[in-house]
Structures are given as structure tokens and as C-alpha cells.
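A look at the structure
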Amino acid sequence: MFGSKKISPDVRRTKFTTLIARDVALVGDIEFAEGLRMDGQVKGNVTGKADTQALLVLSEHGKITGNVRGYDLIVNGTIIGDVIADHFVDLQANAHVTGNIEYLQLRMDCGATVDGKLTKRDASAPMAAPAVHAAPVALTGQAAPAALAGPPKDGKLLASAGS
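Small disclaimer: the values here were computed from a predicted structure and weren't measured.

Reading the values: rules and limits
Residues numbered from 1 in each chain as written. Predicted model: local features only at pLDDT ≥ 70, side-chain atom pairs only at ≥ 80, totals over all residues. Heavy atoms only, no water. Salt bridge = Lys/Arg side-chain N within 4 Å of Asp/Glu carboxyl O. Buried < 20%, exposed > 50% of the residue type's maximum accessible area, 1.4 Å probe, protein only. Pairing = 2+ DSSP bridges. Helix = DSSP H or I, 4+ residues; strand = E, 2+ residues; numbered from the N terminus. Axes fitted to C-alpha atoms, helices over the stretch in contact; angles between N-to-C directions. Core = buried A, V, L, I, M, F, W, Y, C linked by side-chain atoms within 4.5 Å. Contact = heavy atoms within 4.5 Å.

Here the structure, examined in full by the defined rule, presents four salt bridges. In this structure, R37 and D39 form a salt bridge, with 3.2 Å as the shortest nitrogen-oxygen distance. Using a relative accessible area of 34% as the deciding quantity, one classes R37 as partly exposed. Measuring nitrogen to oxygen at the nearest pair gives 3.2 Å for the salt bridge that ties D109 to R107. Taken together, the shared-partner salt bridges in this structure form one network comprising D90, R107 and D109.

Further remarks concern the sheet that holds strand β5 (residues 41-43). Picture the strands of a sheet paired through backbone hydrogen bonds; they go either parallel or antiparallel. Spatial ordering of the open sheet is given by β2-β5-β8-β10-β12-β15, a layout of six strands whose pairing is parallel. Across the chains shown, the open sheet's two edge strands, defined by having one partner strand only, are β2 (25-27) and β15 (113-115). Strand-to-strand twist across the sheet, computed as the mean angle between neighbouring axes with direction ignored, equals 5°. When strand β12 (residues 96-98) meets β15, the two strands line up parallel, connected through three bridges. Looking at β15, one finds that T98 is bridged to D115.

Our next topic: the nonpolar core. With 24 residues, the main nonpolar core has M38, V46, L56, I64, L73, I79 and L91 as its most contacted residues. Elements represented by at least two residues in this core include exactly β3 (30-32), β4 (35-38), β7 (55-58), β9 (68-75), β11 (83-91) and β13 (101-103). Counting residues per element, this core draws most heavily on β11, at four residues. Not counting residues within four places of it along the chain, the set of residues in contact with M38 comprises I20, V46, L56, V57, L58, S59, G62 and I64.

Right, dumping it as C-alpha cells:
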């Protein structure tokens, strides 16, 4: 009851077959099937095996520096990289993600932080490999006379509509 965290009913219960302990640091990519609980550190991509309902649980002690992909992801640690969930992402209170998150379902507890873009994907659309995106520039109204007024100031893109 007190201090215990229940797994969301949206997450398929999976047997944990792999544990990366708190005192373990790995360098390189990891591919897993079934369940992976990570309390340690990984510098590399962490990917659930394709066509499985792989579950990744990243504890408050865990840190991943690299991209993460899985079916269900429960995050209470730090991820520096993009995150793609085929089904569900649960960002718990100590979760800190620096990167974009693509998800079908998302739950975010108070205290969790994301420095990136959250994108809800269409359930009927097939998952594509992550692409490199250029910074978007959107001009409204008549686009032909519009011109950029200079570099961004205070994080805002300035545009002039012409004279």
C-alpha cells in the first residue's frame, strides 16, 4: 500500500529474464526479449527484440545514454536519447528523459521530466525506423513573401510577412 508502486494495468505482465545490477556499467548495444530490469548504466542503444512484447523497467538508479525501443517501457531513471514504445510508456516520478518520445499510450507521474518532443503515434500505422529530422520552419498566410528576420531570439523563431 504505502511506498509500493503497482504496474499499470496497461502493461502486459512479463517475466524478467535479465537484470543489470546497480553496480554494472555496460558499453555497447543491448537487444533483449521478454523482460529486462535495469538498475545499472548503459552507454549504447537498448532495444526490445522485434515482434515481441518486450518490457524494459529502468529503476531510479538506472541510466541509459543511447536510444531506447521496446513494447512497454517503465522509466524511473535517466535516458539521454530518443525513446520509442510500440505500446506503452510509464514515466514515473524520478524519470528524466532528454530526447524525443514516441508512444501509443503514455502515463507521466508528477516529478517526471522530458526535454524533448512527445509524439503519439497512430495505432494502425506500422512503426518505421527513426529518421533524422531537420528543424521545421512553418510560415503562415502567404508563404511567398515571407522571409526569416534573423536568428532565433529567446528561443522564438521570428518571421516577417513582407512589406
